[in-house]
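# Structural description and commentary
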Amino acid sequence: MMTSHKTQELQDFIYENDDKLNKQTIKTYINDYKRFRTQMNGRQNIYNLTQKEIIDIVSKSDFNKLALLNIAIVFLKWKNKEHNRLIKYRTDLQENKAEKQAEKNMEILEKSGVDYHDLMGALDTATGSDYILFYLLIKLNTRNNDLIMKLISNKQKNLLNKEDNFMVVSPSKATYIRNDYKTAKSFGSKKDVIRDDKFQKFILKELVGGTEYLFVNNKLKPYKQTEMGKFIKARFKKYLPNSNLSQAVIYKIIQHHAEENGNVKMMKNIADARGHSINTQLTEYSTTDFHNKKAEESDDDAF
């Protein structure tokens, strides 16, 4: 447990920056600060450490090195202290992480037992709520929580709110509204109008079924976020028996297909649907180490 003199630095930082940071950022900073302090061996303030001492602490820690380094940079910047060496060290860590992440993503794809053409084949042969589920995962790149949505007709728009996800069904189209998804605070509400004939056929049948939510269990209760992964895996196994699919793996398969084919438009659409930047997409989900690729291209340009 940290004593009061060890938390004063943190309290002062939050007091001075409370109006500049959102609640989630403050919570992240507090957690990272506490982890950093456990590595300090009793020293009082992060901002009084030298850059060399900070690098030494981070390099020897088993915690997330980028998170620890970032909180140190934040505190040094707050006190207008030199942190150029820390910025360079962070770049080195990011490049190393990108290389390992690309290898990890490729391993995940290989273990999935499925490629992009298999996904599209499953979508083509699926029926009923399976088709609806597969369409949302493949065409709109949804996460588990995105799939927890209320099902209403166009005449029930009075039920709409800013907290829940909705599928609003009209005779000729369906409108998918996402308010509750991972990056909603950054990207706001998302609305997709779906005019796929097969989707429309099955979604109208689901509407007639009268359930409050689109995807429900055998007790007609909506799947929880923690249950959605098992549900997705089970539905795909019906069409792809050897598959091992989650929403994250499906996303990586689609991202890999777009990347392999140099389809920049598709990659931008994926990033927009997912609710993150192209940079996040390439550094976190790619099977290509873009840092090394850029270095190789620079070497080629030198000749």
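The following paragraphs examine the structure supplied in this document. (Residues numbered from 1 in each chain as written. Predicted model: local features only at pLDDT ≥ 70, side-chain atom pairs only at ≥ 80, totals over all residues. Heavy atoms only, no water.)

### Remarks on the nonpolar core
- Ranked by internal contacts, the top residues of the largest apolar core, which has 49 residues, are L136, M167, F199, F215 and F236.
- Counting residues per element, this core draws most heavily on helix 7 (residues 128-139), at eight residues.
- Those residues in contact with M167 that sit more than four places away from it in its chain are L136, M149, K150, L151, I152, A174, T175, Y176, I194, F199 and I203.
- Within the second largest apolar cluster, 26 residues are counted, among which are Y29, F36, L69 and L93. (Core = buried A, V, L, I, M, F, W, Y, C linked by side-chain atoms within 4.5 Å. Buried < 20%, exposed > 50% of the residue type's maximum accessible area, 1.4 Å probe, protein only. Helix = DSSP H or I, 4+ residues; strand = E, 2+ residues; numbered from the N terminus. Contact = heavy atoms within 4.5 Å.)

### Some words on the sheet that holds strand 1 (residues 149-153)
- Ordered by their spatial adjacency, four strands build an open sheet running 1-2-3-4, and the pairing between neighbours is mixed. Of all strands in the sheet, those bounded by a partner on one side alone are strand 1 and strand 4 (190-194). Taking the axes of each pair of neighbouring strands and ignoring which way they run, one obtains an average angle of 15 degrees across the sheet.
- Here strand 3 (residues 174-178) pairs with strand 4 via five bridges, running antiparallel. Paired with R178 across the bridge in strand 4 is K190. (Pairing = 2+ DSSP bridges. Axes fitted to C-alpha atoms, helices over the stretch in contact; angles between N-to-C directions.)

### Here's the deal with the packing of helix 3 (residues 51-60) against helix 4 (residues 65-78)
- For the pair helix 3 and helix 4, the least separation of the axes is 9 Å and the interaxial angle reads 160 degrees. Between helix 3 and helix 4, the angle falls in the class roughly antiparallel. At the point where helix 3 passes helix 4, the crossing takes the right-handed sense. Residues Q51, I54, V58 and S59 of helix 3 form the contact with helix 4, whose own contacting residues are K65, L68, L69, A72 and L76.
- Along the lines of polarity and charge, the residues of the contact of helix 3 with helix 4 split into six nonpolar, two polar and one charged. (Parallel < 35°, antiparallel > 145°, perpendicular 65-115°, else oblique. Left-handed = near helix turned anticlockwise from the far one by under 90°. Nonpolar A, V, L, I, M, F, W, Y, C, P; charged D, E, K, R; others polar.)

### Digging into the pattern of salt bridges
- Summed over the entire model, instances satisfying the criterion amount to 11 salt bridges.
- Put simply, R35 and D32 hold a salt bridge, and the shortest N to O gap is 3.3 Å. Residue R35 and its partner D32 are located together in helix 2 (residues 23-37), separated by three residues, close to a single helical turn.
- A salt bridge links D130 to R235; its shortest N-O distance comes to 2.8 Å. Here D130 is found in helix 7, whereas its partner R235 is found in helix 10 (residues 225-237), with 105 residues between them in sequence.
- Assessed through its relative accessible area of 4%, D130 is described here as buried.
- For R235, a relative accessible area of 25% gives the class partly exposed. (Salt bridge = Lys/Arg side-chain N within 4 Å of Asp/Glu carboxyl O.)

### A closer look at the pairing of strand 2 (residues 165-169)
- When you tally the buried positions in strand 2, you get five out of five residues, the bulk of the element.
- When strand 1 meets strand 2, the two strands line up parallel, connected through five bridges. Within strand 2, the position partnered with M149 by the bridge is N165.
- In the sheet, strand 2 pairs with strand 3 via four bridges, with the strands oriented antiparallel. Bridge pairing links F166 to I177 in strand 3.
- Taking the residues that link successive antiparallel strands as the turn, the strand 2-strand 3 hairpin has four residues.

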